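# Overview (structure and organization)
The residues making up each chain are set out below.
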Amino acid sequence: MSIRNLEHLFRPQSIALIGASDRAGSVGGTVMRNIVAGGFSGPIYAVNPAHTHVAGRQAYAAVADLPQTPDLAVIATPPATIPALIDALGQRGTRAAVVLTAGLSRERDAQGNTIMQAMRDAARPYLLRILGPNCVGLLVPGLGINASFAHTIALPGNLAFVSQSGGLTTAVLDWAKSRGIGFSHFISLGDVADVDFGDVLDYLASDGATRAILLYIESITAARKFMSAARAAARNKPVLVVKAGRAPDGARAAASHTGALAGADDVYDAALRRAGMLRVDTIQALFDAVETLARAQPVNGNRLAIMTNGGGPGVMAADAVALSGGRLSTLSAKTLQQLQASLPTTWSHGNPVDIIGDAPVSRYVSTLEALIQDDGSDAILFIHVPTAIVPAADIARACTPLAKGKRVLACWLGVDAVADARKIFEAEGIPCYDTPEQAVNAFLQLATYRCNQQLLMQTPPSVPGDFALDAAAARTAVNEAVSEAIQAGREWLSEAETQRVLTAYDIPIVRTRNAASAEAAVKAATEIGFPVALKIVSPQITHKSDVGGVALNLANAEAVRQAAVAMAQRVRERAPSAQLAGYTVQEMVIKPRAQEVIVGAAVDAVFGPVILFGQGGVAVEIIADRAVALPPLNLTLAADLVSRTRVARLLDGYRDRPPAKREALHLTLVKVSQLMVDAAGIAEIDINPLLVDDAGVIALDARIRAVKSTQSGADRLAIRPYPVELEERLTIMGRGVVLRPIRPEDEPQHAQLLQRVDAADIQLRFFYAVRVMSHNQLARFTQIDYDREMAFVAVVDDGQPMAETWAVVRAIADPDNLNAEFAILVRSDLKGHGLGSLLMKKIIRYCAARGTSVLTGSVLRGNERMLSLARELGFSMTQDNDLGVVQLSLSLANAARAS
């Protein structure tokens, strides 16, 4: 439902506690004391039919008796009472409630529905938002709101903490208070009957009092909604996550290597990365990381330079870098020359830079200066061990001017001897850590966050932009293959069907022939040409090599015949219940320098289709070197997926093996991604092995699992692709112009558009004067989620090096898609050329196609051009004389006529 009515939940003007009590130890009594003690400035009402007064305040018998409608209701009554209370609150006009009561999913009403469902049904007609049930409650310290039964208060601050675990909520509250950590919001979600992570992220993303959002997640239900909200929030401020349940429940039987390897936690990890969030393992790490992101300068990669006056700590830091996936930077010849001139001959002559324990202040300064100037490092770790040579504070004072505002992290080892030095650095915003390992971990968190933010900016298209595809022919091939398998009662496509599907998407696969018998196999091998590979075909046998069903390098007809007979015998012995349906004969591909990898796809129960890459071969599950990503992919995302595996280093080449043709591998991943986007009838793909070498890629074996489906492939995705099918190319004023959905990379052109709009036109569009917007404001306009809003831009696209944005129109629909509000802006010097009309007609067609009922807009009375266009398009108009605004409304039932 998104953020509708959440302002009543998080910024209420009045609060009613239903179930208020004076009884010691009761939830109602605890919450009443907390609300009163919190310092909330608005009216507080107690509701309890058994009392006339609670906590020294008048108590009311029922919601209907309250002297005014409460913005927020907090409910602490037995489960059976709650649906009726929600209905009464809705009738009264209340639009938000916190339900603390547990057990609503277990108890049922007279109609057999759970109390949870009955509560939802009661709230729906009023769009009344519910936090909980079974939650600790809600704290907004800045407003004096403590609508919870927590044992302590939350200090005011600028961090928002959102948790599914009630027990963890109170523990974190206690822990944070002892460390002086404050919050803008402290939210316990409970059993998530209504308000979920997606809703809260949407609200907090635009909350000015919140600097960063911290999440404790146990599970996600509405994946697309969550990803949409998470991506929107992460574009505006840091979002950090602890996701419980990293360890697998245990080995599970899977029909394919991909199914076995694509574990649930790997998928969550991929989703959080793609959403631009940073995942950490512990609550302590959560708060450490948010402080690092607030203090440290952004980094561009994972190359770290280390300087230290103690060899041991430098080695410890280097070990931490290597073990955590980072890289020690290679110092340039110029940097080495500078260091050679200023350091004693006994220095380390490399990275880490050991400046020796007797270093005076000048040695620290010259070393730090040289490392800062080296472009080969993404950050510098400054390590100091206390010595009697020079006070640590003197070193800090001398180095602060160099380190301030630079990508420098510090580790002042010790306590009392370095306390003043630490304070000097911290006062200038230079992040400091207790140990080398903590500092390295912080650096790698910065690198990971930067990488995730770059992934967030990727907007792969709904149709391939990286390779040519005959979409209609590919769709026909896939549908026919899937239909043949399903009609035959088979879950897995045959070798021939699989080959047709992969060929349709231009995925190279070895030549394959089917053979019903040993003699037919001999004939097929002769036609293909020796040597060949022979494999069994059996619907009951998933992994053919497990029963000796694969023979390679068969050099002649007799070898094929003998292998086929022997295979049949082994199947009878090792899998007596299996049916031997025949054989497949394949061209024997001899590539001794190729690397075996696996490329696959599966459908996760929460996030839908996922793409897998890793080291392949028969030991693929034992090696377990894999990474997972959410489709749709483009070449950038495919390259990132590959880079997160160990086998990626082998692809770079070693000894006599030249580097593999990575672009061919990346393109294959994009093709598999596109296949999952296009074909809802495909549930699983397993290409193992895929051979990769300097010549390209070729699949030696592949399996595809089919499933009956009525939805489109794109509907399964957690992330909606960039809708390239909505692009239109036109010629306007002799220039090539494309009308298309807005993209994140449009931000610079969007800023220029605002600069080229007259002040009067800016006033007409935004209702106030604004010529310059911050990055966050521009990101909100250009980095949209196509599943929840749409913005079309008119962009010059005629081969000139710098594209220009001439105009933009956008529409944002309400959560129920009943009403969408539009806004439009055309560059002032380009008005009168039909751009506004073209864009308005396009947004009308789009909203009508989405099933939106009404398109609305607010226009200042003096905006005659827009009002005239609105009349032409059929909008009805209502004057608001007090505000000088005309409200426009267009029923989209007749949108075809309007466009």
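Structure's up top.
The structure presented is a predicted model; accordingly, all values stated were derived computationally and were not measured.

### Section: the packing of helix α22 (residues 635–643) against helix α24 (residues 662–678)
Their axes nearest at 9 Å, the elements α22 and α24 cross at an angle of 110°. On the basis of their axis angle, the class for α22 and α24 is roughly perpendicular. Residue-level contacts link L635, A638, A639, L641 and V642 of α22 to R662, L665, H666, L667, L669 and V670 of α24. Here the contact of α22 with α24 is built from residues that sort into nine nonpolar, one polar and one charged.

### Re unusual backbone geometry
Of the consecutive residues G132 and P133, the connecting peptide bond is found in the cis state with omega at 0°. Summarising the element assignment, P133 is placed in the loop between β7 (129–131) and β8 (137–140). The amide bond that connects P631 to the next residue, P632, takes the cis arrangement and shows omega of 0°. With respect to the helices and strands, the residue P632 is situated in the loop between β27 (626–629) and α22. Despite not being glycine, A624 has its phi angle at roughly 50°, a positive value. Note that A624 resides in the loop between α21 (620–623) and β27. For M733, which is not glycine, the phi dihedral falls at a positive 55°. Positionally, M733 belongs in the loop between β31 (728–732) and β32 (735–741). Relative accessible area serves as the criterion here: at 39%, M733 is assigned to the partly exposed category.

### Quick word on the nonpolar core
If you look at the biggest cluster of nonpolar residues, it comprises 69 residues, and the most contacted ones within it are L9, L215, F226, M277 and F607. If we skip the residues at most four places from it in the chain, M277 touches L215, F226, A230, A234, V239, V241, L272 and N452.

### Considering the layout of surface pockets
By volume, the second largest pocket amounts to about 1600 Å³. Along its surface, the second largest pocket is lined by 47 residues, and R273, S324, G325, T448 and R644 are the ones closest to its centre. Listed by contribution, the elements that provide at least two residues to the lining of the second largest pocket are α9 (264–274), β14 (278–280), α11 (311–323), α16 (436–456), β27, α22 and α23 (647–651). With ten residues, α16 is the single largest residue contributor to the lining of the second largest pocket. For the lining of the second largest pocket, the residue count by class is 16 nonpolar, 15 polar and 16 charged.

### Considering the packing of helix α28 (residues 835–849) against helix α29 (residues 864–873)
Closest axis-to-axis distance for the α28/α29 pair is 11 Å, and the angle between their directions is 45°. The pairing of α28 with α29 is recorded here as oblique in orientation. In this structure, the crossing between α28 and α29 has a hand that is right-handed. Side by side, α28 and α29 meet where G836, S837, M840, K841 and I844 of the first sit next to M866, L869 and L873 of the second. Taken together, the residues of the contact of α28 with α29 break down into five nonpolar, two polar and one charged.

### Notes on the pattern of salt bridges
Within the structure shown, the criterion is met by 41 salt bridges. Between D194 and R129 there is a salt bridge whose closest N-O contact spans 2.9 Å. In this pair, D194 sits in the loop between β11 (182–188) and α6 (197–205) while R129 sits in strand β7, placing the two residues 65 residues apart along the sequence. The class of R129 is buried, set by a relative accessible area of 0%. Notably, a salt bridge pairs K544 with E495, separated by 4.0 Å at the nearest N-O pair. You can see K544 sitting in the loop between β22 (532–537) and β23 (550–554) and its partner E495 sitting in helix α18 (residues 495–504), a full 49 residues away along the chain. The structure contains a network of salt bridges with shared partners spanning R129, D194, D196, D199 and K225.

### So, the packing of aromatic side chains
Using the criterion set out here, one finds 15 aromatic pairs in the structure. For the pair Y268 and F607, a centre-to-centre distance of 5.1 Å together with 85° between the ring planes defines the contact as edge-to-face. A residue pair is termed long-range when its members are at least 10 positions apart, and Y268 in helix α9 and F607 in the loop between β25 (595–604) and β26 (608–615) qualify at 339 residues. A relative accessible area of 9% places Y268 in the buried class. An angle of 70° between the planes, with centres 5.7 Å apart, marks the rings of Y722 and Y786 as edge-to-face. Highlighted residues: Y722 in the loop between β30 (702–706) and β31 and Y786 in the loop between α27 (775–782) and β33 (789–796), separated in sequence by 64 residues. This pair shows no difference in class: Y722 is buried, exactly as Y786 is. Of the aromatic side chains, those joined through ring pairs into one cluster are F161, W175, F183, F186 and F287. The ring of W492 has R703 lying over it, and the distance from NZ or CZ to the ring centre is 4.0 Å.

The rules we used
- All residue numbers refer to positions counted from 1 along the written sequence of the respective chain.
- Given that the model is predicted, a residue must reach a pLDDT of at least 70 before its local features are reported, and side-chain atom pairs must reach 80 or more before they are shown or counted; all residues, however, enter totals for whole chains, interfaces and linings.
- Values reported for side chains reflect all heavy atoms of the structure, with hydrogen atoms and water molecules removed beforehand.
- In this analysis an axis means a line fitted to C-alpha atoms, helices contributing only their contacting stretch, and an angle means the value between N-to-C directions, from 0 to 180 degrees.
- Helix and strand labels come from DSSP, where a helix needs a run of H or I of at least four residues and a strand needs a run of E of at least two; each type is numbered from the N terminus.
- For this classification, under 35 degrees means roughly parallel, over 145 means roughly antiparallel, 65 to 115 means roughly perpendicular, and everything else is oblique.
- The contact rule is simple, with two residues in contact once any of their heavy atoms fall within 4.5 Å.
- Under the scheme applied, nonpolar residues are Ala, Val, Leu, Ile, Met, Phe, Trp, Tyr, Cys and Pro; charged residues are Asp, Glu, Lys and Arg; polar residues are all the others, including Gly.
- Only protein chains enter the accessibility calculation, which uses a 1.4 Å probe. A residue is then buried if its area is under 20% of the maximum for its type, exposed if over 50%, and partly exposed in between.
- Here, the term nonpolar core denotes a set of buried Ala, Val, Leu, Ile, Met, Phe, Trp, Tyr and Cys residues that are joined through side-chain atoms within 4.5 Å.
- The method works on a 1 Å grid over the protein atoms by themselves. A cavity is a set of points holding a 1.4 Å probe that cannot get out, a pocket is an open set with protein on both sides within 12 Å along at least five of seven lines, and residues with an atom within 4 Å of a point line them.
- Grid points are joined across faces, edges and corners, and a volume is the space filled by probe spheres set on the points.
- For any helix crossing, the convention is left-handed if the near helix is rotated counterclockwise from the far helix by under a right angle, and right-handed if that rotation is clockwise.
- Think of a salt bridge as a Lys or Arg side-chain nitrogen and an Asp or Glu carboxyl oxygen that are within 4 Å of each other.
- Any pair of Phe, Tyr and Trp rings, taking the six-membered ring for Trp, is counted once the centres come within 6.5 Å. Such a pair is stacked with planes under 30 degrees apart, edge-to-face with planes over 60 apart, and tilted for the rest.
- Two conditions define a charge located above a ring, namely a distance within 6 Å from the ring centre to NZ of Lys or CZ of Arg, and an angle within 35 degrees of the ring normal.

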